[in-house]
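# Survey of secondary and tertiary structure
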Amino acid sequence: EELNGVGNLMDFLDEPFPDVGTYEDFHTIDWLREKSRDTDRHRKITSKSKESIWEFIKSLLDAWSGWLVMLLIGLLSGTLAGVIDLAVDWMTDLKEGVCLSALWYSHEQCCWTSNETTFADRDKCPQWQKWAELMTGYTEGAGVYLLNYFLYVLWALFFSFLAVSLVRVFAPYACGSGIPEIKTILSGFIIRGYLGKWTLLIKTVTLVLAVSSGLSLGKEGPLVHVACCCGNLFCSLFSKYSKNEGKRREVLSAAAAAGVSVAFGAPIGGVLFSLEEVSYYFPLKTLWRSFFAALVAAFTLRSINPFGNNRLVLFYVEYHTPWYMAELVPFILLGVFGGLWGTLFIRCNIAWCRRRKTTRLGKYPVLEVIAVTGITAVLAFPNPYTRRSTSELISELFNDCGALESSQLCDYINNPNMSRSVDDIPDRPAGPGVYSALWQLTLALVFKIVITIFTFGMKIPSGLFIPSMMAYHHHDWIIFKNWCRPGADCVTPGLYAMVGAAACLGGVTRMTVSLVVIMFELTGGLEYIVPLMAAAVTSKWVADAFGKEGIYEAHIQLNGYPYLDQDEFTHRTLATDVMRPRRNEPPLAVLTQDSTTVEDVETLIKDTDYNGFPVVVSHESERLIGFVQRRDLILNIKNARQKQDGVVSNSVVYFTEDAPQIPASNPQPLKLRRILNLSPFTVTDHTPMETVVDIFRKLGLRQCLVTRSGRLLGIITKKDVLRHMAQMMNQDPESIMFN
């Protein structure tokens, strides 16, 4: 009986108390450790499930919790995306006028409900009044135009000021697109609060404000961040995920897929995006779960139906004309253009963001946002193509001209004496509308290119996808007469807009597979996969010729996040060149297995800021035994001082199985064997660095010890590896700030 009691007490002391094994802010997680902890947890549950029905049910619930989390993420991110879409629609129109019959209707909804709308003037109805008309009663004239102009700019400034103030006061992490940070988090970095509840709330609200203010930014990147916040929120409900950072990363990968799924209405594209662009560790199980989350999210958005066209996106198109082999030439040229524009954009945007970080400009984020909004609004209002929201513009450009189109781009001259029907557009000459539309579009293109460089990276939520798609050209005038059969469309201008959009996006982000899938899910044009692939690959080749990293990698580097990308390491250096301590540095801080006192440990912790300490047999032999985490040491010593009698400053700390031989007069020793990692990862001092880099990348290590025939020589951390890589590429190694 008594023995049992003692056994239980020992078990109680051996139970890790809460907080052991968690990580500090801005530190890297140890993937190996997280994985083995999850395996232990799983083993425990499986063995318990054979004991009773209740434990068996608990084990089933545990197995199902992953799918449940995915379901919840899908539902919430789908709902949020629907709400954001509806709100953006309403607030974009609010800058121009208001619906008198119901304030919460956007322009389009307002005129749907009206009975006095004619087909020709479907966007004019008595219920919808522009601000000037409401105030003065006139609909035409210079004064009216100026008043509308002034109010448009005023609303835009108000929206963006509100957005930037909310971000500054409540959630500084809600700015930007969030994808560079999410890539870094998924590679095992910890940024506390980046995916928190406040960030979720503020990001959702300010995203609506920022997009409505007419700034040149999209809501697509931020929707990925919003979905990942949802994922993090639901992780905290299940201990399986909240206590294991590795498992949590799996959920976040799937959440990113759900985010793209609702941003573009492209569930499969979302899964591929998560796999190709953001995720670091993507096991097969995560693939199925991402698929499920993306499906639920798309289904939820579809049932909300924010655009009223039973589609998931505003710019759904259906083309039915085939494309011809000779058209591959312009498609590839579009790819080249996209690659060049991508390179230009990344260079300019990074240069501008670096200026913002290093000069006084960065101290006035609110002023900067207001200035850019003001300039955008003032320049955007006169041009009908830049005045409307970017998504609507893309929708108009992607669409084909039919008998029902009222767009200026479809203003071809109708000749009453023509023998064929009106539907047969190709052979008619272009009318004045087309020409004016073309020069307006060219202006719009230049304007968007320039303004987006300054907009992306400001202190408000800003995505990139949509503005990148803006760069397209109209190939209306290259009508290839020779192989058109009479009465059929020859060249589909909308198709060129679509391929150009894909090429530009590919040039900026360097996506290939997921981009093509997203584009054809977005537009429903299955037969155009080959042109899209040609353009995407060309743009990646051209852009890669000028610099390897896409916009997200460039921003990760700019912020100094510890992200190990998947590029080859080709330099011939050895582990001994990278490890610390170097020749002239003080020796490595180590603990001995049975001769260090509590006071020594506390002094060591106070004087250094290392993440952990190697444990050796003795200072003379330096034979390695294991590795112990700094945080675990702090918590255990604090706990022992509170709960165990007799543990004082000069108690001996030992990491062996049996207590060391000490005189009876000495205070009670403290056993810390259970926090000692007995199998730390070691390499010898002659291991080539390319192998070390590979080990860090594939196993997700935090640190690796360097030994020679069992003797400890030094340590290599992830930060050392990144700094060494930066040095080898002639960059500033001090730019990598975090552990």
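Residues numbered from 1 in each chain as written. Predicted model: local features only at pLDDT ≥ 70, side-chain atom pairs only at ≥ 80, totals over all residues. Heavy atoms only, no water.

Secondary structure assignment for the protein yields 28 helices and twelve strands. Once local pairs closer than 6 in sequence are excluded, the contacts in the protein between residues at least 24 apart make up 73%. (Helix = DSSP H or I, 4+ residues; strand = E, 2+ residues; numbered from the N terminus. Contact = heavy atoms within 4.5 Å.)

The strands that make up a sheet pair up through hydrogen bonds in the backbone, lying either parallel or antiparallel. If you walk across this open sheet you meet the three strands as S10-S11-S12, and the pairing is mixed. At either margin of the open sheet sits one strand with a lone partner, and together these are strand S10 (682-684) and strand S12 (711-717). The sheet shows a mean angle of 35° between the axes of neighbouring strands, direction not considered. Relative to S12, strand S11 (residues 703-708) runs antiparallel, the two sharing six bridges. Bridging from a neighbouring strand, Gln703 pairs with Thr717 of S12. Contacting S10, S11 and S12, helix H27 (residues 689-699) runs over the sheet at an angle of about 60° to S12. (Pairing = 2+ DSSP bridges. Axes fitted to C-alpha atoms, helices over the stretch in contact; angles between N-to-C directions.)

The N-to-C vectors of helix H3 (residues 53-94) and helix H13 (residues 284-304) enclose an angle of 35°; their axes lie 7 Å apart at closest approach. Here the hand of the crossing between H3 and H13 comes out right-handed. Its residues assigned to classes, the contact of H3 with H13 shows 14 nonpolar, seven polar and two charged. (Left-handed = near helix turned anticlockwise from the far one by under 90°. Nonpolar A, V, L, I, M, F, W, Y, C, P; charged D, E, K, R; others polar.)

Time to look at the nonpolar core. Counting residues in hydrophobic clusters, the biggest one holds 129 residues, and the most contacted among them are Leu195, Ile460, Met519, Leu532, Phe696, Ile716 and Val721. There are two domains that each give this core at least three residues, and those are domain 1 (325-559) and domain 2 (575-735). Aside from chain neighbours lying at most four places away, what touches Val721 is Leu564, Met689, Val693, Phe696 and Ile716. Counting residues in each nonpolar core, the second largest holds 19 residues, with Leu604, Val647, Phe655 and Leu676 among its members. (Core = buried A, V, L, I, M, F, W, Y, C linked by side-chain atoms within 4.5 Å. Buried < 20%, exposed > 50% of the residue type's maximum accessible area, 1.4 Å probe, protein only. Domains from an automatic or database assignment.)

On to the packing of aromatic side chains. Within the structure shown, the criterion is met by 19 aromatic pairs. An angle of 45° between the planes, with centres 5.6 Å apart, marks the rings of Trp155 and Phe159 as tilted. Of this pair, Trp155 and Phe159 both sit in helix H6 (residues 142-170), four residues apart, which is roughly one turn of the helix. The exposure class of Trp155 is partly exposed, given its relative accessible area of 22%. Residue classification places Phe159 among the buried positions, given a relative accessible area of 2%. (Phe/Tyr/Trp six-rings, centres within 6.5 Å; stacked < 30°, edge-to-face > 60°.)

One open sheet holds the three strands; their spatial order is S4-S7-S8, and the pairing between them is mixed. Sheet topology places strand S4 (596-597) and strand S8 (670-671) at the edges, where each strand pairs with a single neighbour.

A few words on a nonpolar patch on the surface. A grouping of Ile53, Trp54, Phe56, Ile57, Leu60 and Leu61 is seen on the molecular surface, where their side chains present a nonpolar patch of about 650 Å² in accessible area. You can see Leu60 is positioned in helix H3. (Patch = residues over 30% accessible without salt bridge, like charges linked within 9 Å, V, L, I, M, F, W, Y side chains within 5 Å. Areas by Shrake-Rupley, 256 points an atom, 1.4 Å probe, with all protein chains shown as cover. Salt bridge = Lys/Arg side-chain N within 4 Å of Asp/Glu carboxyl O.)

Taken from the UniProt record, the annotation "transmembrane region" (unreviewed entry) applies to residues 64-88, 149-171, 223-239, 251-275, 324-346, 366-385 and 437-460. This span, residues 149-171, is 96% helix and 0% strand, and a straight line between its end C-alpha atoms measures 32 Å. End C-alpha atoms of residues 251-275 are separated by 13 Å, and the span's content is 92% helix alongside 0% strand. (UniProt positions renumbered as here; feature names shortened; annotations may be inferred.)

Two faces, one strand: in a regular strand the side chains alternate between the faces of the sheet. By the criterion of burial, S11 is predominantly enclosed, with five of the six residues buried. Two strands pair when backbone bridges link them, and S10 and S11 are joined in this way by three bridges, in the parallel orientation. Counted as the bridge partner of Thr682 is Leu705 from S11. With antiparallel pairing between neighbouring strands as the criterion, S11 and S12 make up a hairpin whose turn holds two residues, including Ser709 at a positive phi of roughly 40°.

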